[in-house]
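So the chains spell out like this:
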Amino acid sequence: MKDIIPYQQQIQNCYQDLLNQHDLMIPTDERLKIDLHCHDENSNVPDELWGRILRVPETWTKTSELQQSLRFNQCNAITITNHNNARSCWELLDKGVDVLVGAEFSCHFQEYDINLHVLTYGFTPEQEVKLNKYRRNLYQFLTYTAEHDLPTVLPHPLFFSSRKPYPGMDLFEKLALLFKRFEVVNGQRDIRQNLLIWEWLENLTEEKIWDWSKKHQLDPENFCRIPYEKMYTGGSDDHMGMFAGTCGSYLHVPELAKRLEREKPSEIALDSLRNGLVVPFGHVGNDQKLNAALLDYLCQMILNMNEPGLLRLFLHHGTLKDKLFCLGASNIIQELKRHKFTVYFFKTLHESLNGKRPGLLARFRVSSDFKPVLVTIDRIALTKRGDQTTYQKTLGEAIPSIFRTLNQVVAGRIKNHIEETRSLDGNFELDTHTLIKRFEIPSHYRSLFNDEINKTNDHVSQVNVPRFLDKLSFPVLASAIIAGITLISTRSLNANRSFINQFADDLGRHKHPNKALWLTDTLNDKNGVSVSLGAKLKVIQENNLPIDFLVCSHDIDKQAHLKVVRPVGQFSFPNYKEQAINVPDILEIKQLFLEGGYDRIICSTEVVMGLVALFLKESFKVPAYFFLHTDWLEFVKDTAQLEPSGIDRIRRILRMFYCSFDGVFVLNKDHRNWLTGIEIQMPKEKAFLTAHWVSEQFHPCCRQTGTFFGEKIQEQDFVLLYAGRLSEEKGVLELATIFQRLKETQPGAKLVIAGVGPAEKKLRTALPEAVFLGWVEKQQMPILYSSSSLLVLPSRFDTFGNVVLEAMSCGLPVAAYRIKGPKDIIENSKNGILANDLTELAEKIATIAGKPMLMNSIRVHALKRAQSFTKEKIMKQFLGDLNLQGDLHISRSESRQKNITTGRPSETDKLKQAG
């Protein structure tokens, strides 16, 4: 079978083919190399509102630094295209430096209410004034440039600011009539955006142009000569001086050497833009360049940004949300400046990004923990001086490497701090009650960092934060900034994602695949969530469905539809030390999401992977869904003994978390009603009802009491079974009361307990006559179920109860509380028992144990009910709710097929034998 090329690799191959084809169009000795799109410090009034509120320029790059970068990358003609001004060009001309005058004007396209950038070249100071006047109306602007023969280029055509959704292909039809030159190599955009616009232009024909001219009542010849012959340009769109000249345009100039003897490069460039052939060149990545550029920008903000002023900030144009964000950003930057080592780190990183290696002082100043970071920074500086392709590849590897090292240091130091605290105080343990009670941050943020402020409130400021953060401040701040910059850069590239997807659909080329990445903290663990997820993974693998699982683990190896990342740290919750939570490298997952061509997220666990899911959602602007397995509010009520205010705090946290997703899958109707009710207030269309199924191995078997129980239990004994985790929140301590009441009517009854957990010691003390089996492997469970008389489930917060369905699939009736999960499966007195409280549950079990005919009827109906939970039905509904396509080829259980084809006993016959 031919290997399928991943989506990202496909578009990269297509894009490189276009570059290679166009590269052959111009002989190497007839090329004038120029970067038609780059910026310096005179782009000092940002287009973005936040930049204007914070009073920061788009770049601090000096004109001389930009010139140096352009010369280093062998540009033999230069231009500087700052926003809405050509000051840098005029200054260079005043100094006698040859430069093609240019600027990037922000123009308003009124009928679509969008702002487009237009690169314009060859104008005079007087014309610059006119251009700034006309840029408020795109038609006026382009009419003026056409009348004065000023070449224009539409840069990054798929990236513009709009207050409205996708404007449709009508917009691009008009742009094809208005512009002759389009930028198809933009160094700060990703490959897909560049490729889509290039292929759209390649498909334009003279017939289409004139058809659109009639349709829109626009004469393209009013704006450009030979409007059906388009020119493709390139530019780095560099603001930091890091990549200037690495992308750009080759201008075709016959007899170039002779012309350079008598003409200036700028004059030749302007003439070629007007009349000649232009071929784009350069390396375009995904978000690596923008990520590095924004990181360098933040480094410079830390070094150069001044206090914007509170009064000025709140009097500035913008929404309250914009101003509050900028206030927070300003405070973070000012706080960072207080951390000398953090400032020194970002200064060193900024210098290395621009080719300066760390000095001897840095090598002596850095502790051994951070030596790998310094080595990586040094490698960045070294490669900056050489081949630009190698430099960009190094950046793509180095920044994630620095992030991973910092996170490993953080995880190690936190672990050491906790161990040191425990060694000093043997009774130290932050239980769930204390953790929730103190889960608060003081509104006066300085109280977090100041030992002298009186700490009377009962929240985390009671902890000696300065002392605790002394060893953490630098790695935490540095890693948080790198993660934040990565989010911002990826989000910026995907800001118009839905628009770009629609453009690709309309173009009929390079449609993004519909494919989900399913994040989970648990997969091979000994719990119900892990079992159900494992069953779904198996169906996905068997049917090659467009879903991949991702788990963070030291022990699991990758396989088909299963991605594995190794943890950078590990921790566990109080009272759940056997359930370790692995901390993944979030940038590794982000890169995997990009390379895998995913366009939606599913998440099954709230803690670490839940935060990762929201990070990916915000970064890539994709829908994210949560699969709710556990009722945490009931869990907290049952285990933490909190006051109502504490429980309400947990509810608010859960509300914020669940409502951050585009949809939540629930396993019972009560949970759906809770989500869409007054407590969580989720829109009804965002709550999806789903279910689990059990493996085909769960079916009735002949009763084999000797297999598990030996001589302790006889064939005729009534066997009450509990199977699950032995923990108090599972209600296992109620087993003593239930069994005591059962013994009153059935003196020979036996209690069998299968499972392990922290409450086992208490249970053995309370139930010395019970049979404890410990952990029972999954393969043995059907025999155990078939050898028992009744399963009891005393838990009050199970959202589904895999054990209920497993037992019923083996014809074993179940007795449970009338709560969320079980009551959606069990029909009281028909295929099981439901009770409202402990007394009723114990009474019903004692009563039914003496009615063998009723028990046998319940067994038959339990099996029938269990068989209605089919994986085909459940997965089809699940894929439909996710808007995913997939062909399911699921046959009935292999064992059941054998019943039909080989004459072996049917399920009902097995059930009668077992009874």
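So, how was this worked out
Residues numbered from 1 in each chain as written. Predicted model: local features only at pLDDT ≥ 70, side-chain atom pairs only at ≥ 80, totals over all residues. Heavy atoms only, no water. Patch = residues over 30% accessible without salt bridge, like charges linked within 9 Å, V, L, I, M, F, W, Y side chains within 5 Å. Areas by Shrake-Rupley, 256 points an atom, 1.4 Å probe, with all protein chains shown as cover. Salt bridge = Lys/Arg side-chain N within 4 Å of Asp/Glu carboxyl O. Helix = DSSP H or I, 4+ residues; strand = E, 2+ residues; numbered from the N terminus. pLDDT = per-residue confidence, 0-100. Contact = heavy atoms within 4.5 Å. Pairing = 2+ DSSP bridges. Axes fitted to C-alpha atoms, helices over the stretch in contact; angles between N-to-C directions. 1 Å grid on protein atoms, 1.4 Å probe; cavity = no way out; pocket = protein on both sides within 12 Å on 5 of 7 lines; lining within 4 Å. Points joined across faces, edges and corners; volume = space filled by probe spheres on them. Nonpolar A, V, L, I, M, F, W, Y, C, P; charged D, E, K, R; others polar. Buried < 20%, exposed > 50% of the residue type's maximum accessible area, 1.4 Å probe, protein only. Lys, Arg positive; Asp, Glu negative; His and termini not counted. Charge placed at Lys NZ, Arg CZ, Asp CG, Glu CD. Parallel < 35°, antiparallel > 145°, perpendicular 65-115°, else oblique.

A. Geometry of a nonpolar patch on the surface. A cluster of nonpolar side chains, namely Leu-310, Phe-314, Leu-320 and Leu-324, defines an oily patch on the protein surface of about 380 Å² accessible area. For the nonpolar patch, the secondary structure elements donating two or more residues are helix H13 (310-315) and helix H14 (320-336).

B. Seen up close, the confidence of the model for the chain. In this model, the chain carries an average pLDDT of 87, and 90% of its residues clear a pLDDT of 70 or more. pLDDT under 50 marks residues 460-466. Its contacts with residues more than four places away, or in other chains, come to 19 contacts. A low-confidence stretch, residues 893-908 (pLDDT under 50), is modelled with 20 contacts involving residues beyond four sequence positions or located in other chains.

C. Spatial organisation of the sheet that holds strand E19 (residues 687-689). With parallel pairing, the seven strands of this open sheet are ordered in space as E13-E12-E11-E16-E17-E18-E19. Two strands in the sheet have a free side with no partner beyond their single neighbour: strand E13 (562-565) and E19. Averaged over all neighbouring strand pairs, the angle between strand axes comes to 25 degrees, with direction disregarded. Helix-sheet contacts for helix H25 (residues 608-620) involve strand E11 (516-520), strand E12 (547-552), strand E16 (600-603) and strand E17 (624-627), and the interaxial angle to E16 is about 170 degrees.

D. Expanded view of empty space enclosed by the protein. All chains considered together, the criterion is met by three cavities of 30 Å³ or more. One number sums up the size of the largest cavity: a volume of about 240 Å³. Taken together, 17 residues line the largest cavity, and the ones lying closest to its centre are Gln-8, Asp-190, Asn-494, Arg-497 and Leu-594. Secondary structure elements with two or more residues in the lining of the largest cavity: helix H1 (7-23), helix H8 (191-202), helix H21 (473-493), helix H22 (497-507) and helix H24 (586-595). Here the residues of the lining of the largest cavity sort into seven nonpolar, six polar and four charged. For the second largest cavity, the calculated volume is near 120 Å³.

E. Broad picture of helix H33 (residues 802-809). The element H33 is largely enclosed, with a buried count of eight among its eight residues. Along H33, the positions that sit buried rather than exposed are Asn-802, Val-803, Val-804, Leu-805, Glu-806, Ala-807, Met-808 and Ser-809. Positioned one or two residues after H33, Gly-811 has a phi angle of 80 degrees, which is positive.

F. Looking closely at the pairing of strand E10 (residues 278-282). Of all the five residues making up E10, four are buried; the element is thus mostly covered by neighbouring parts of the structure. Taken together, the five bridges between strand E9 (residues 247-252) and E10 define a ladder with antiparallel strand orientation. Looking at the pairing, Ser-249 lines up with Pro-280 of E10.

G. Structural context of the pattern of salt bridges. Enumeration over the complete set of coordinates arrives at 37 salt bridges. In this structure, Glu-351 engages Lys-347 in a salt bridge whose closest nitrogen and oxygen atoms are separated by 2.9 Å. In this pair, Glu-351 and Lys-347 are both assigned in helix H15 (residues 340-353), four residues apart and thus about one turn of the helix distant. We classify Lys-347 as partly exposed; its relative accessible area is 37%. Where Lys-820 meets Asp-631, a salt bridge forms, and the shortest distance between an N and an O atom there is 2.7 Å. Linking Lys-820 in helix H34 (residues 820-825) with Asp-631 in the loop between E17 and helix H26 (632-639), this pair joins segments that are 189 residues apart in sequence. As far as burial versus exposure is concerned, Lys-820 and Asp-631 are alike and both buried. Where salt bridges share partners, they join Arg-259, Arg-262, Glu-263 and Asp-271 into one cluster.

H. How the structure looks around a negative patch on the surface. Where like charges cluster on the molecular surface, the negative patch consists of Glu-41, Glu-65, Glu-91 and Asp-94. Inspection of the secondary structure puts Glu-91 in helix H4 (residues 87-94). Classification of Glu-91 as partly exposed rests on a relative accessible area of 38%.

I. Local environment of the packing of H21 against H25. Look at H21 against H25: their axes get within 7 Å of each other, and the N-to-C directions meet at 40 degrees. If you check the angle between H21 and H25, you find them oblique. Contacts between H21 and H25 involve Ala-483, Leu-487, Thr-490 and Arg-491 on the former and, on the latter, Phe-615, Glu-618, Ser-619 and Phe-620. Taken together, the residues of the contact of H21 with H25 break down into four nonpolar, two polar and two charged.

J. Structural detail: the pairing of E17. Of the two faces of E17, the one holding Ala-624 and Phe-626 and the one holding Tyr-625 and Phe-627 are both buried throughout. Judged from the three bridges that link them, E16 and E17 form a sheet pairing that is parallel. Bridging across to E17, Ile-601 finds its partner in Ala-624. When E17 meets strand E18 (residues 663-666), the two strands line up parallel, connected through three bridges. Within E18, the residue paired with Phe-626 across the bridge is Val-664.

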